[in-house]
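# Chain and residue survey
Here is how the chains run, residue by residue.
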Amino acid sequence: MEEDTGVLPRKDDFSQWYNEILWRAEVMDVRYPVKGLYVWYPHGFAVRKRAYGILRDLMDRDHAETMFPLLIPETEFMKEATHIKGFEDEVYWVTHGGRNELDVPLALRPTSETAIYPMYSLWIRSHTDLPLKLYQVVNTFRYETKHTRPLIRLREITSFKEAHTVHATREEAAAQVEVALGLYREFYDSLRVPVIVSRRPAWDKFPGADYTIAVDTVMPDGKTLQIGTVHMLGDHFSRTYDITYEDANGEQQYVYQTCYGISERSIAAVISVHGDDKGLVLPPEVAPIEVVIVPIIVGKRRDEVLSAAGALEEEFRNAGFAVKLDAREMRPGAKYYHWEMRGVPLRIEVGPRDIDANTVVAVTRSGKKTTLDRRGVVEGVCSILGEFGEELSQTARQAMADRIIVAATMEETAAAVKNGVAVVHWCGSQECAEKIETAVDASIIGSDIRSDLIAVSDGPCVACGGNGTSALIARTY
RNA sequence: GGGGCAGUAGGGUAGCCUGGUCCAUCCUAGAGCGUUUGGGACGCUUUGACGGCAGUUCGAAUCUGCCCUGCCCCA
């Protein structure tokens with residue numbers, strides 16, 4: 001395990017900052033000797049565990065959790081033509097068992113449609129089997145050729161939460177897309193991460209989907225990070241995999257499907273959106289340690305202070321907080337830096353002065369210091385943490401708002417995407433999209449924007465002057 | 001996809017061109033002992049490395065080849 005001393009690069013230098021915080025805050029170790037694969041430190045994994053706990057709770061309201069195999073036979077994988085096209089260049093293949101070549105090569109799932117849908121074909125018989133809503137949290141593999149980056153561009157995505165739903169009608173499936181978007185919004189609200197929802201351009205949709213609606217956030221360097229996608233699959237896959245049901249009239253009908261996913265990019269977003277020059281800043285909702293108690297040990301009152309700190313710890317634990325008493329033989333200042341790096345939302349200090357005054361000192365990760373009465377300490381901490389979470393939401397929201405710039409010309413757009421997201425009018429054609437992308441060195445993120453930070457309007461396309469509507473342009477991860 | 005540069009202990013570096021010691025060095029690194037403790041303490045003792053595989057050689061961190069990993073530039 002690494003020590004946390006030393007200076008983190010300033011967050012202004014985001015790329016450097018991101019690389020260093022991952023190991024200094026014990027999130028990921030990037031030294032695993034295979035490109036694109038990284039190791040979760042226990043602390044990083046504990047953050048993941050809490051975040052995915054929230055996600056699971058959301059899914060469990062209306063989905064059932066399942067688990068499909070990692071390996072997909074080539075014969076199934078190759079059935080859906082557009083789907084294959086989207087993935088064939090980045091699939092890992094298992095070709096041997098020991099020294100023997102396999103008759104049918106097995107793909108390491110890059111996503112699980114082709115593993116799940118053949119089984120759906122067997123499971124779904126009647127309209128009474130519908131709707132079917134399953135999800136799984138699994139690892140997936142993609143042979144990325146571009147620059148890999150921990151939590152963001154991986155060859156093994158270790159935490160892919162993918163849901164696959166099946167419906168009797170296209171309308172029902174379309175409605176499910178909206179339900180999924182609602183769940184994802186709720187999830188990111190819990191993580192205090194602001195998002196923009198938009199419809200991806202046709203050429204950027206999921207291979208095999210009718211349309212894709214994406215959830216993006218804006219990183220500190222102004223690039224967008226896709227942190228969730230919801231796909232309307234229509235009946236493409238049901239026709240390929242022969243997923244049919246007998247309707248009330250006794251006739252066979254193809255089903256309509258959706259799928260939607262979130263990966264550990266959600267963790268990258270939490271780290272990047274909230275972190276600062278001192279390290280991680282974790283929302284209480286996902287912090288593995290919500291409250292750290294630092295006893296201020298002074299010479300002969302050592303035992304007294306330690307037992308006061310122990311009593312506090314027990315009180316917090318009984319109240320349901322994830323609490324940690326740091327009784328290590330270190331100077332208090334060193335402990336402060338240690339826990340600040342790891343993003344602990346609240347620090348409680350107890351020393352002789354506090355014992356005499358019957359108080360404790362509470363300091364939030366954002367630096368707000370409060371002296372609390374020892375008696376109502378649990379209630380006091382509860383409300384401080386609540387406010388702290390709210391503060392994170394507001395700060396992050398404001399930071400994102402500041403990076404969204406409405407642009408009317410190519411020049412304005414080019415300037416805007418240097419450190420943020422541009423909102424421009426675009427006619428929707430691929431030709432104009434390419435013109436814009438080349439001119440401003442950024443990508444069309446989407447249209448049909450849904451964000452209370454962005455006012456959508458109609459206007460002349462920034463490229464051709466024809467009828468256009470608001471679209472997002474940004475550099476992307 | 002094309003090109004360039006690099007990899008030395010937990011982290012940071014020197015040495016490499018021009019092969020040769022008992023010991024390379026720095027740190028907010030590790031282990032141990034003691035004194036300390038309201039924002040990164042100090043002293044002493046000590047541990048630990050030349051990315052991997054092969055080759056050349058009496059001898060390789062140093063030269064050659066391949067591989068892996070990382071970074072930068074171009075498409």
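What this report covers is the structure whose coordinates are included nearby.

## Quick look at the side chain of Lys161
Along the chain, Lys161 falls in strand S8 (residues 156-167). Lacking a salt bridge, the buried Lys161 has Glu162 as its closest oppositely charged neighbour, with an N-O distance of 8.6 Å. A distance of 2.6 Å separates a polar atom in the side chain of Lys161 from a polar atom in the side chain of Tyr184. Only 3.4 Å separates the side chain of Lys161 from the backbone oxygen of Tyr260, close enough to count as a polar contact.

## Quick notes on the pairing of strand S14 (residues 256-262)
The element S14 is largely enclosed, with a buried count of seven among its seven residues. The two faces of S14 match: Tyr256, Thr258, Tyr260 and Ile262 on one face and Gln257, Cys259 and Gly261 on the other face are all buried. In this structure, S8 lies alongside S14, joined through seven bridges in antiparallel fashion. Bridge assignment links Val166 to a residue of S14, and that residue is Gln257.

## Some points on the sheet that holds strand S5 (residues 93-97)
Strand order across the open sheet formed by three strands is S4-S6-S5, with antiparallel pairing between neighbours. Edge positions in the open sheet fall to strand S4 (71-73) and S5, since each of these has one partner strand only. Between one strand axis and the next, the sheet turns by 45° as a mean value, whatever way the strands run. The sheet contact formed by S5 and strand S6 (residues 100-108) spans four bridges and is antiparallel. Of the residues in S6, the one forming a bridge with Val94 is Leu106.

## Looking at the packing of helix H9 (residues 302-318) against helix H12 (residues 377-403)
Axis separation between H9 and H12 bottoms out at 10 Å; the angle between their running directions is 60°. Crossing geometry of H9 relative to H12 is assigned as right-handed. On H12, the residues touching Leu312, Glu315 and Phe316 of H9 are Val377, Val378 and Val381. The residue makeup of the contact of H9 with H12, split by class, is five nonpolar, no polar and one charged.

## Brief notes about the sheet that holds strand S18 (residues 359-364)
Within the open sheet, the five strands sit side by side as S16-S15-S17-S18-S19. Their pairing is mixed. For this open sheet the edge positions go to strand S16 (323-325) and strand S19 (369-373), each flanked by a neighbour on one side alone. Taking the axes of each pair of neighbouring strands and ignoring which way they run, one obtains an average angle of 25° across the sheet. Sheet analysis places strand S17 (residues 346-350) next to S18, joined by four bridges and oriented antiparallel. The partner of Arg347 across the bridge, within S18, is Val363. Together, strand S15 (291-295), S16, S17 and S18 form the strand contacts of H9, whose direction differs from that of S15 by roughly 170°. Across the sheet, helix H10 (residues 332-341) lies against S15, S16 and S17, angled at about 170° from S15, the strand it touches most.

## Examining the packing of aromatic side chains
A full pass over the atoms with the stated rule returns 16 aromatic pairs. Their ring planes at 80° and their centres at 5.9 Å tell us that Trp203 and Trp426 sit as a pair that is edge-to-face. In this pair, Trp203 is assigned in the loop between strand S9 (196-199) and strand S10 (211-218) and Trp426 in strand S21 (residues 421-426), connecting sequence segments 223 residues apart. Residue classification places Trp203 among the partly exposed positions, given a relative accessible area of 34%. According to the relative accessible area criterion, Trp426 is buried, its value standing at 5%. Between Arg199 and the ring centre of Tyr211, over which it is positioned, the NZ or CZ distance is 4.7 Å. The residue whose ring lies beneath Arg347 is Tyr336, and the NZ or CZ to ring-centre distance is 3.7 Å.

## Re the nonpolar core
Nonpolar side chains in soluble globular proteins tend to be buried together. Counting residues in each nonpolar core, the largest one holds 62 residues, and the members touching the most others are Leu151, Tyr188, Leu191, Val193 and Ile271. Residue contributions to this core peak at eight residues, all from helix H6 (residues 170-190). Each residue touching Ile271, except ones within four places of it in the same chain, is listed here: Trp17, Ile21, Leu22, Val27, Leu151 and Leu280. Listed in part, the 25 residues of the second largest apolar core include Phe77, Phe87, Val255 and Cys259.

Parameters and conventions
Residues numbered from 1 in each chain as written. Chains lettered and ligands numbered in written order. Predicted model: local features only at pLDDT ≥ 70, side-chain atom pairs only at ≥ 80, totals over all residues. Heavy atoms only, no water. Helix = DSSP H or I, 4+ residues; strand = E, 2+ residues; numbered from the N terminus. Buried < 20%, exposed > 50% of the residue type's maximum accessible area, 1.4 Å probe, protein only. Lys, Arg positive; Asp, Glu negative; His and termini not counted. Salt bridge = Lys/Arg side-chain N within 4 Å of Asp/Glu carboxyl O. Polar contact = N/O pair within 3.5 Å; in protein donor to acceptor, adjacent residues only side chain to side chain. Pairing = 2+ DSSP bridges. Axes fitted to C-alpha atoms, helices over the stretch in contact; angles between N-to-C directions. Left-handed = near helix turned anticlockwise from the far one by under 90°. Contact = heavy atoms within 4.5 Å. Nonpolar A, V, L, I, M, F, W, Y, C, P; charged D, E, K, R; others polar. Phe/Tyr/Trp six-rings, centres within 6.5 Å; stacked < 30°, edge-to-face > 60°. Lys NZ or Arg CZ within 6 Å of the ring centre and 35° of its normal. Core = buried A, V, L, I, M, F, W, Y, C linked by side-chain atoms within 4.5 Å.

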